[in-house]
Amino acid sequence: MRHRFLTLFLLTILVSACQEKKIRQQIVGPWAYDLEATRLEMSNREASPSEINYMESILNTLNQARVVFNRDGSMTLAMDGLEETGTWSLQSKGNELIINLTGSDQVNTIQYLSTDTLILYPQRPDADSFPRVLVSVEE
C-alpha cells in the first residue's frame, strides 16, 4: 500500500511539472494588450459601464505596449520608447502568473492560455482590477 501511495505521489508531481513546463513554454515571448478582446471579456462577465470605461482608459495608454516574457524569468514592458524590466514566475501548478515590474508581486490567475492568447485575472481585491487579454506578437 505504501508503495502505491509513493508511486501515485511521484506520478502527480511529474505530471504537474510537465504541465507547468508546457505553460512556461507557451508564455515565453512577446505579447500585446488587446483592447477589443478585453472589452468583450468584461462584457461577458457583465462588468458595469464604469468598469469598462476604467479599463479602456488604462488600456488606451498601453495600446502600443509590448510585454516580453523571457525564458530566464525576466520580463520587459516596452512602451513609447521606454522599457521597464522585471520578473515573472508561475505558481499553483502553473495556474497563476506572478509579475513583478514595480517591486511588488502582482498575482494573476491564468484564465486561458493558447499559443496566441493569454487571459489574466488579477487577484487584487480592489474594485479597479480587470482582466487582461494579451495576444502574441512577432518580434
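This structure is a prediction, so every number in the text was calculated from the model and none was measured.

**Examining the side chain of Glu56**
On the secondary structure map, Glu56 appears in helix α3 (residues 49-61). A distance of 2.4 Å separates a polar atom in the side chain of Glu56 from a polar atom in the side chain of Arg39. The residues contacting Glu56, other than those within four sequence positions of it, are Leu35 and Arg39.

**What about the nonpolar core?**
In this structure, Ile27, Phe69, Leu97, Ile110 and Leu118 are the most contacted members of the largest nonpolar core, which totals 25 residues. Put simply, the parts of the chain that give this core at least two residues each are α1 (2-27), α3, β2 (66-69), β3 (74-79), β4 (82-91), β5 (96-100), β6 (106-113) and β7 (117-122). Element by element, the count of residues in this core is highest for α3, at three residues. The contacts of Ile27, once residues within four sequence positions are left out, are Phe69, Trp88, Leu90, Leu97, Ile110 and Leu113.

**Quick look at the packing of aromatic side chains**
Within the structure shown, the criterion is met by two aromatic pairs. Here Tyr54 and Phe130 contribute two aromatic rings whose centre-to-centre distance is 6.0 Å and whose plane-to-plane angle is 75°, an arrangement assigned as edge-to-face. A residue pair is termed long-range when its members are at least 10 positions apart, and Tyr54 in helix α3 and Phe130 in the loop between β7 and β8 (132-136) qualify at 76 residues. Residue Tyr54 is classed as partly exposed on the basis of its relative accessible area, which comes to 33%. Ring geometry for Phe69 and Trp88: centres 5.5 Å apart, planes at 75°, overall edge-to-face. Taken together, the residues Phe69 in strand β2 and Trp88 in strand β4 connect sequence positions 19 residues apart. For Phe69, a relative accessible area of 2% corresponds to the buried category. Taking the relative accessible area as the measure of exposure, Trp88 reaches 3% and is therefore buried. Geometry around Trp88 places Arg24 over its ring, the cationic atom sitting 4.5 Å from the centre.

**Some details on the sheet that holds β8**
Pairing is antiparallel around the closed barrel formed by eight strands, whose spatial order is β1-β2-β3-β4-β5-β6-β7-β8. Here the strands of the sheet are splayed against their neighbours by 35° on average, with no regard to which way each runs. Pairing geometry for strand β1 (residues 29-33) and β8, over three bridges, is antiparallel. Paired with Trp31 across the strands is Ser136, a residue of β8. Here helix α2 (residues 35-44) sits on the sheet in contact with β1, β7 and β8, set at roughly 140° to β8.

**What to know about the pairing of β3**
Where β2 meets β3, four bridges bridge the pair, whose relative direction is antiparallel. Bridging across to β3, Val68 finds its partner in Thr76. The antiparallel pairing of β2 with β3 creates a hairpin that spans four residues between the two strands, and Gly73 there sits at a positive phi of about 90°. Examined bridge by bridge, β3 and β4 share six bridges and lie antiparallel to one another. Looking at the pairing, Leu77 lines up with Glu84 of β4. Taking the residues that link successive antiparallel strands as the turn, the β3-β4 hairpin has two residues, and the phi of Asp80 there is positive, at about 50°.

Cut-off values and rules
- Residues numbered from 1 in each chain as written.
- Predicted model: local features only at pLDDT ≥ 70, side-chain atom pairs only at ≥ 80, totals over all residues.
- Heavy atoms only, no water.
- Helix = DSSP H or I, 4+ residues; strand = E, 2+ residues; numbered from the N terminus.
- Polar contact = N/O pair within 3.5 Å; in protein donor to acceptor, adjacent residues only side chain to side chain.
- Contact = heavy atoms within 4.5 Å.
- Core = buried A, V, L, I, M, F, W, Y, C linked by side-chain atoms within 4.5 Å.
- Buried < 20%, exposed > 50% of the residue type's maximum accessible area, 1.4 Å probe, protein only.
- Phe/Tyr/Trp six-rings, centres within 6.5 Å; stacked < 30°, edge-to-face > 60°.
- Lys NZ or Arg CZ within 6 Å of the ring centre and 35° of its normal.
- Pairing = 2+ DSSP bridges.
- Axes fitted to C-alpha atoms, helices over the stretch in contact; angles between N-to-C directions.

Nothing here speaks to function; it is all geometry.
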